[in-house]
Amino acid sequence: MLQTQISRRDILKIAGVGGAGVLLGASGLTGVLTAFGANPFVDDDESVDNKVNFYGKHQSGILTKNPKHVYFASLNCTAGSKAELKELFRLWTTYSVSLMNGQLVGPNSANALLPPPDTGEAAGLDPAHLTLTFGVGPSLFEKKELGLAHKKPAELKDLPHIPKDQLDPRYVGGDICVQACADDPQVAFHAVRNLIRAARGKVTLKWSQTGFNSYKQKGKKVETPRNLFAFKDGTGNPDTDDAKEMDKVVWVQPGQSKSWLTGGTYLAVRRIQMHVETWDRTSLSGQEATFGRHRDTGAPLGKKGEFDEVDLELKENGKPVVPENSHVALARKVKDRILRRSFSYSDGINPDTGAFDTGLLFMSFQQNPSQFINIQKSMGRADKLNEYITHRGSALFACFPGVKKGSFLGAELFN
Ligand SMILES: C=CC1=C(C)c2cc3[nH]c(cc4nc(cc5[nH]c(cc1n2)c(C)c5CCC(=O)O)C(CCC(=O)O)=C4C)c(C)c3C=C
Ligand SMILES: [Fe+2]
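Residues numbered from 1 in each chain as written. Chains lettered and ligands numbered in written order. Predicted model: local features only at pLDDT ≥ 70, side-chain atom pairs only at ≥ 80, totals over all residues.

Caption draft 1: Highlighting the overall build of the chain. Secondary structure assignment for the chain yields eleven helices and 13 strands. Its C-alpha radius of gyration of 23 Å places the chain within 12% of the 22 Å reference for a compact globule of 415 residues. Dimensions along the principal axes, computed over C-alpha positions, put the chain at roughly 80 × 50 × 45 Å. Per-residue burial for the chain yields a buried fraction of 41% across its 415 residues. Here the contacts in the chain between residues at least 6 apart in sequence split such that 77% fall between residues at least 24 apart. (Helix = DSSP H or I, 4+ residues; strand = E, 2+ residues; numbered from the N terminus. Rg over C-alpha atoms; globule rule 2.2 N^0.38 Å. Buried ≥ 20, exposed ≤ 12 C-beta atoms within 10 Å, placed from the backbone. Contact = placed C-beta atoms within 7 Å.)

Shown next as structure tokens:
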């Protein structure tokens, strides 16, 4: 860690101490160098509580468990050249490590005539397990000024239309994405706000979505969160502690795609409205038949425990206990697997209908978008859940591999 760094807790102590010399002496070099266009190396500070490391083989925020809040931002890229974009990702690397350490993105200046380098609303807060995940969308590679067309992976293209989706252009696509997850929504927002602020002239916000997850925690044991239809959501996910499984499901392996994406992954995002008014008029048995699981325990129909194996062959009076058109049965019809990492959202009401604008910010990570697409196709028109949901937003991003100390986000793409 740079000796010159300053924690967000320290800022409160230092506040009020005048004199540029004092402040630069205490917290120094980072902001000064950043202001002159250089990016000093900032390391993970493992002495900080509630902190997730930035550096590693893979980016954070993909296998990182139990995120409570997300601020997801989809961005337009307005950089004029590849060199400009590369500089931005270098700067974002330094910023991301500082933010995930719970530090200011730049030291305060004593000059009150200047805006403070850090927007300040996370002052005094710890990192709250902040993770930052960056990806690039298909449209980035179509920008002639960036000269990246030859680096576009064949599979990085807009997700296909699915029956009944009613996409709203306000929630579609994006050149770049930033996913900020934290246990504190203000920490997540602060991170995205400062990243965007530092990128002025190089990116603009296209769309964004906040989301949340709530779960009971006893010691280290965490219960599966419930979605806004009250069902446990995430039970059937692959085991993120199983590295071999993650290499099969999530991480792009050497030779599978463009080399810059090795160790990275694809993020499929769907903003899915959930018609809670209709759901709340549905019987419990109807709700359980929709998912193929019990609402209370999360167990597959016909079973007792949440993690009992789903048995699609189980019959009662000649009929499958887990209905063939249930969400889970259809998801299991194909052999493809994905890692879901979704969040509920609640965005007020739709002024035209008076209905809640609420639902699921569905996010899944997979080594090839075809895994998501095959599951989506299997669900197709048949999924009983379709009666209660409408897909409103959609985007696909290729998320960079992790960053080695001394390197920067997307180095393999830009070098
Ligand atoms: C194409 C991928 C999927 C979309 C889109 C999707 C939307 C969606 N899902 C729920 C709620 C639940 N999904 C559950 C399981 C489940 N869902 C998918 C895929 C998509 N879901 C998969 C691959 C699975 C796992 C199937 C398995 O192998 O068992 C469940 C059951 C519990 C669990 O495993 O998480 C729920 C509940 C909603 C509400 C929704 C759109 C709003
Ligand atoms: Fe699902």
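Structure's up, so let's keep going.
Caption draft 2: Local environment of the pairing of strand S13 (residues 389-399). Burial runs high along S13: nine of the eleven residues are buried. Where strand S2 (residues 131-136) lies against S13, two bridges are found, and the strand directions are antiparallel. By the bridge assignment, valine 136 is partnered in S13 with alanine 398. Pairing geometry for strand S7 (residues 265-274) and S13, over ten bridges, is antiparallel. (Pairing = 2+ DSSP bridges.)

Caption draft 3: Examining the packing of helix H4 (residues 82-101) against helix H5 (residues 185-198) more closely. Direction vectors running N to C along H4 and H5 enclose 155 degrees, while the axes themselves pass 10 Å from each other. Here H4 is positioned roughly antiparallel relative to H5, judged by the angle of their axes. Along this stretch, H4 crosses H5, giving a crossing that reads as right-handed. Along the contact surface, H4 presents Leu91, Trp92, Tyr95 and Leu99, while H5 presents Ala191, Asn194, Leu195 and Ala198. A breakdown of the residues in the contact of H4 with H5 according to their chemical character gives seven nonpolar, one polar and no charged. (Axes fitted to C-alpha atoms, helices over the stretch in contact; angles between N-to-C directions. Parallel < 35°, antiparallel > 145°, perpendicular 65-115°, else oblique. Left-handed = near helix turned anticlockwise from the far one by under 90°. Nonpolar A, V, L, I, M, F, W, Y, C, P; charged D, E, K, R; others polar.)

Caption draft 4: How the structure looks around the site of ligand 1. With respect to spatial proximity, 26 residues lie near ligand 1, and among them Phe231, Gly236, Ile272, Ala331 and Leu360 are the closest. Taken together, the elements giving at least two residues each to the shell around ligand 1 come down to S7, helix H9 (327-333), strand S12 (356-366) and helix H10 (369-379). The leading source of residues in the shell around ligand 1 is H9, at four residues. Taken together, the residues of the shell around ligand 1 break down into 14 nonpolar, seven polar and five charged. (Near = placed C-beta within 6 Å.)

Caption draft 5: Fine view of the UniProt feature "domain: Dyp-type peroxidase N-terminal" (unreviewed entry) in the chain. The UniProt feature table records "domain: Dyp-type peroxidase N-terminal" (unreviewed entry) at residues 59-213. Within residues 59-213, the helical portion is 22% and the strand portion 21%, while the C-alpha atoms at the span's ends are 21 Å from each other. (UniProt positions renumbered as here; feature names shortened; annotations may be inferred.)

Caption draft 6: Region of interest: the environment of glutamate 223. With respect to the helices, strands and loops of the structure, glutamate 223 is situated in the loop between strand S6 (221-222) and helix H6 (243-249). Glutamate 223 sits twelve residues away from threonine 235 along the chain, and the two C-alpha atoms are 9.7 Å apart. In contact with glutamate 223, not counting residues within four places along its chain, are Tyr215 and Lys216.

Caption draft 7: A look at H4. Between its first and last C-alpha atoms H4 spans 29 Å; for 20 residues at 1.5 Å apiece the expected length is 28 Å, and the two agree. Where H4 ends, the next residue or the one after it, glycine 102, has phi of about 80 degrees, a positive value. (Expected span 1.5 Å × (residues − 1).)

Caption draft 8: Focus on the environment of arginine 341. Here arginine 341 is to be found in the loop between strand S10 (339-340) and strand S11 (343-349). On the basis of neighbour counts, which here come to 25 C-beta atoms within 10 Å, the residue arginine 341 falls in the buried class. Spatially, the C-alpha atoms of arginine 341 and phenylalanine 72 are 12 Å apart, while their sequence positions differ by 269 residues. Other than its neighbours up to four places away in sequence, arginine 341 contacts Met363, Ser364 and Phe365.

Caption draft 9: Geometry of unusual backbone geometry. If you check the backbone angles, alanine 230 has positive phi at about 75 degrees while not being a glycine. Along the chain, the position of alanine 230 falls in the loop between S6 and H6. The partly exposed category is assigned to alanine 230, around which 14 C-beta atoms lie within 10 Å.

Caption draft 10: Local environment of the pairing of S12. S12 sits mainly inside the fold: eight of its eleven residues count as buried. Here S7 runs beside S12; their pairing, made up of eight bridges, is antiparallel. Residue pairing for S12: isoleucine 272 is matched across the bridge by leucine 360. Where S10 lies against S12, two bridges are found, and the strand directions are antiparallel. Across the sheet, arginine 340 pairs through a bridge with serine 364, a residue of S12. Note that S11 and S12 share five bridges and pair antiparallel. Pairing of isoleucine 349 across the sheet is with phenylalanine 356, part of S12. Between S11 and S12, which follow one another and run antiparallel, lie six residues, and glycine 354 among them has a positive phi close to 75 degrees.

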